[in-house]
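# Secondary and tertiary structure notes
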There are 2 protein chains.
Amino acid sequence: MRQFIVLGHDAPTTADFSLDDLSGAGRLDVLCRCVGAAVFLSHGIRKDVRIHLVLGDEYTLRFDSDTLRRLYPDERTIAARIRDALDQREDAIGHMAAEVSPGMELYRLGFEATLDDVASKGTVVQLHAEGTPLPEASLPSDPVFVLSDHQDFTDREADLLAEQAEQRLRVGPETLHADQTITVAHNWLDTAGYTEY
Amino acid sequence: MRQFIVLGHDAPTTADFSLDDLSGAGRLDVLCRCVGAAVFLSHGIRKDVRIHLVLGDEYTLRFDSDTLRRLYPDERTIAARIRDALDQREDAIGHMAAEVSPGMELYRLGFEATLDDVASKGTVVQLHAEGTPLPEASLPSDPVFVLSDHQDFTDREADLLAEQAEQRLRVGPETLHADQTITVAHNWLDTAGYTEY
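Every value quoted in this text rests on a predicted model; they were computed, and no experiment measured them. (Residues numbered from 1 in each chain as written. Chains lettered and ligands numbered in written order. Predicted model: local features only at pLDDT ≥ 70, side-chain atom pairs only at ≥ 80, totals over all residues. Heavy atoms only, no water.)

### Things to note about the overall build of chain A
- A count of helices and strands for chain A gives five helices and ten strands.
- With respect to the principal axes defined by its C-alpha atoms, chain A has extents near 45 × 40 × 30 Å.
- Among the 197 residues that make up chain A, the fraction classed as buried is 59%.
- When contacts within chain A are restricted to residue pairs at least 6 apart in sequence, long-range pairs at least 24 apart make up 68% of them. (Helix = DSSP H or I, 4+ residues; strand = E, 2+ residues; numbered from the N terminus. Buried < 20%, exposed > 50% of the residue type's maximum accessible area, 1.4 Å probe, protein only. Contact = heavy atoms within 4.5 Å.)

### Concerning the interface of chain A and chain B
- With 38 residues of chain A at the contact, the number on the chain B side is 38 residues.
- At the boundary of chain A with chain B, the tally comes to two salt bridges.
- A salt bridge links aspartate 20 of chain B to arginine 76 of chain A, with the nearest nitrogen and oxygen atoms 3.4 Å apart.
- Where chain A packs against chain B, one counts 15 residue pairs in polar contact (both at pLDDT 80 or more).
- For the side of chain A that touches chain B, the secondary structure elements donating two or more residues are α1 (28–39), β2 (40–41), α2 (75–87) and α5 (178–191) of chain A.
- At six residues, the largest contribution of residues to the side of chain A that touches chain B is made by α5 of chain A.
- Here the side of chain A that touches chain B is built from residues that sort into twelve nonpolar, 13 polar and 13 charged. (Salt bridge = Lys/Arg side-chain N within 4 Å of Asp/Glu carboxyl O. Polar contact = N/O pair within 3.5 Å; in protein donor to acceptor, adjacent residues only side chain to side chain. Nonpolar A, V, L, I, M, F, W, Y, C, P; charged D, E, K, R; others polar.)

### Points about the relation of the copies chain A and chain B
- You can overlay chain A on chain B at an RMSD of 0.0 Å; the transform is a turn of 180 degrees with a shift of 0.0 Å along its axis. The superposition operator between the copies reduces to a two-fold rotation axis. If distances are taken from each C-alpha of chain A to the rotation axis, the shortest is found for valine 184 of chain A, at 2.9 Å.
- An overlap of 100% is found between the interface residues of chain A and their copies at the interface of chain B, pointing to a shared contact surface. (Least-squares fit on C-alpha atoms with pLDDT ≥ 70 in both.)

### Digging into the sheet that holds strand β9 (residues 143–148) of chain A
Residues and elements named next belong to chain A.
- The mixed open sheet is built from eight strands, whose spatial order is β6-β7-β5-β4-β1-β9-β8-β10. Single-partner strands in this sheet number two, and they are β6 (98–101) and β10 (167–170). Between one strand axis and the next, the sheet turns through 30 degrees on average, direction left out of account.
- Contacts from helix α4 (residues 155–164) reach β1 (2–8), β8 (123–133) and β9, with the element oriented near 105 degrees to β8. (Pairing = 2+ DSSP bridges. Axes fitted to C-alpha atoms, helices over the stretch in contact; angles between N-to-C directions.)

### With respect to the sheet that holds strand β9 (residues 143–148) of chain B
Residue and element names in this part refer to chain B.
- Here we have eight strands laid out as an open sheet, ordered β6-β7-β5-β4-β1-β9-β8-β10, and mixed in their pairing. Every other strand in the sheet has two partners, leaving β6 (98–101) and β10 (167–170) as the edge strands with one partner each. Along the sheet, successive strands turn relative to each other by an average axial angle of 30 degrees, direction set aside.
- As paired elements, strand β1 (residues 2–8) and strand β4 (residues 49–55) share seven bridges and run parallel to each other. Counted as the bridge partner of leucine 7 is valine 54 from β4.
- Each of β1, β4 and β5 (59–64) is contacted by helix α1 (residues 28–39), which is oriented at about 170 degrees to β4, the strand it contacts most.
- Of the strands in this sheet, β1, β8 (123–133) and β9 touch helix α4 (residues 155–164), which is tilted by about 105 degrees from β8.

### Topic: α1 of chain B
Residue and element names in this part refer to chain B.
- In this model α1 runs 17 Å from its N-terminal to its C-terminal C-alpha over twelve residues, within 8% of the 16 Å that 1.5 Å per residue would give.
- Counted residue by residue, α1 has twelve buried out of twelve residues, so it is predominantly covered.
- Buried within α1 are the following residues: Leu28, Asp29, Val30, Leu31, Cys32, Arg33, Cys34, Val35, Gly36, Ala37, Ala38 and Val39. (Expected span 1.5 Å × (residues − 1).)

### A look at the packing of α1 of chain B against helix α2 (residues 75–87) of chain B
All names here are of chain B.
- In contact at an axis separation of 9 Å, α1 and α2 are set at 100 degrees when each is read in the N-to-C sense. Judged on the interaxial angle alone, α2 and α1 are roughly perpendicular. Contacts between α1 and α2 involve Leu28, Asp29, Cys32, Arg33, Val35 and Gly36 from the former and Glu75, Ile78, Ala79 and Ile82 from the latter. (Parallel < 35°, antiparallel > 145°, perpendicular 65-115°, else oblique.)

### Concerning the UniProt feature "binding site: S-adenosyl-L-methionine" (unreviewed entry) in chain A
All names here are of chain A.
- Per the UniProt annotation, the sites labelled "binding site: S-adenosyl-L-methionine" (unreviewed entry) are Leu127.
- Note that leucine 127 resides in strand β8.
- Take leucine 127: its relative accessible area is 23%, and that puts it in the partly exposed class.
- With residues up to four places along the chain from it excluded, the contact list for leucine 127 reads Phe145, Leu147, Leu169, Val171 and Thr181. (UniProt positions renumbered as here; feature names shortened; annotations may be inferred.)

### Here we look at the packing of aromatic side chains
All names here are of chain A.
- Under the criterion given, the structure shown has two aromatic pairs over all chains.
- Ring centres of phenylalanine 4 and phenylalanine 145 lie 5.5 Å apart, and the angle between their planes is 15 degrees; on these two criteria the pair is classed as stacked. Of the two residues, phenylalanine 4 is situated in strand β1 and phenylalanine 145 in strand β9; the sequence distance between them amounts to 141 residues.
- On the basis of relative accessible area, phenylalanine 4 is assigned to the buried category, the value being 0%.
- What makes phenylalanine 145 buried here is its relative accessible area of 1%. (Phe/Tyr/Trp six-rings, centres within 6.5 Å; stacked < 30°, edge-to-face > 60°.)

### Some remarks on a negative patch on the surface
- Together, Asp116, Asp155, Asp159 and Glu163 of chain A make up a region of like negative charge exposed at the surface.
- It is α4 of chain A that provides the largest number of residues to the negative patch, a total of three residues. (Patch = residues over 30% accessible without salt bridge, like charges linked within 9 Å, V, L, I, M, F, W, Y side chains within 5 Å. Areas by Shrake-Rupley, 256 points an atom, 1.4 Å probe, with all protein chains shown as cover. Lys, Arg positive; Asp, Glu negative; His and termini not counted. Charge placed at Lys NZ, Arg CZ, Asp CG, Glu CD.)

Shown next as structure tokens:
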């Protein structure tokens, strides 16, 4: 399984935001594009992918590609589903998720608890300017990529990540958006290990 | 310079569409994400990139990263700018562009004329399931990547492209969305040729 955790520092934690201004809703547009990059191929949905959006360090919304239904890659549709999920936030109690729709579960967990949980089932990858360039890196099993939205990791988040990380990788010389990074990571995993793909 | 031509087969050719349903507007959401993938880095705009959106084989809207102003990566903002451009479509007459805002020019040209024009200044790359895998390919100078939206190329488009193409490349074993392909192509160009990037 491939997993992605994306930190939405200013992301909404209630359903009280407008679909007409996703950028103004704590840059929810970035998180929506991350979901699209994580789960969609051109004509279908990837298998065996999970993406966890950490919303304001208060909730984590998990998308599971194998059970998602009726999701489309445009930002507004994904944002509407996030809003529906937050509408049911009262039902999320700790590790008891609110099952908000097929393939989507909302947890009342922040970054540390989510990272602890996901890290126990995979290889946490830290993306870092001094990491190993992707073409030279060994393939992690069940990789967990941890990304931040338009803001840098806080010192505490960076420390938590460094504690759990088993591999440090570098995506390239340019600093990409989180969704672009997810696309590059997928392509690396899709193609690495094949001499002729 | 890096250039991308994206065919929007069902894309609007008038300003008569709603920003609330970009998917329903001939999958304009795909084209908006292509623009974002082509021009944006995490905290800035790439240098020396042009993306040409072919709208319904009737108009071509060109974005030039070096002169773009006040563009943001969310789909709705980009779609609003496309709508503004189409509002001025009467001013576009053949190779005489309507200058719709800084870094954006609308031409009354379809795919064939746009491809002819762009091809004369770069290396046209055809992405193909039987092309050379990116890691094994030589770097094209001034590459021009030609992509289609959610639909396949028509036979005629494929023929025009095959005539102009100087290189056939394969992005990976999975069929990606056009915007994802742009991201992978950028990352390949960013990193190829560096042993340590």
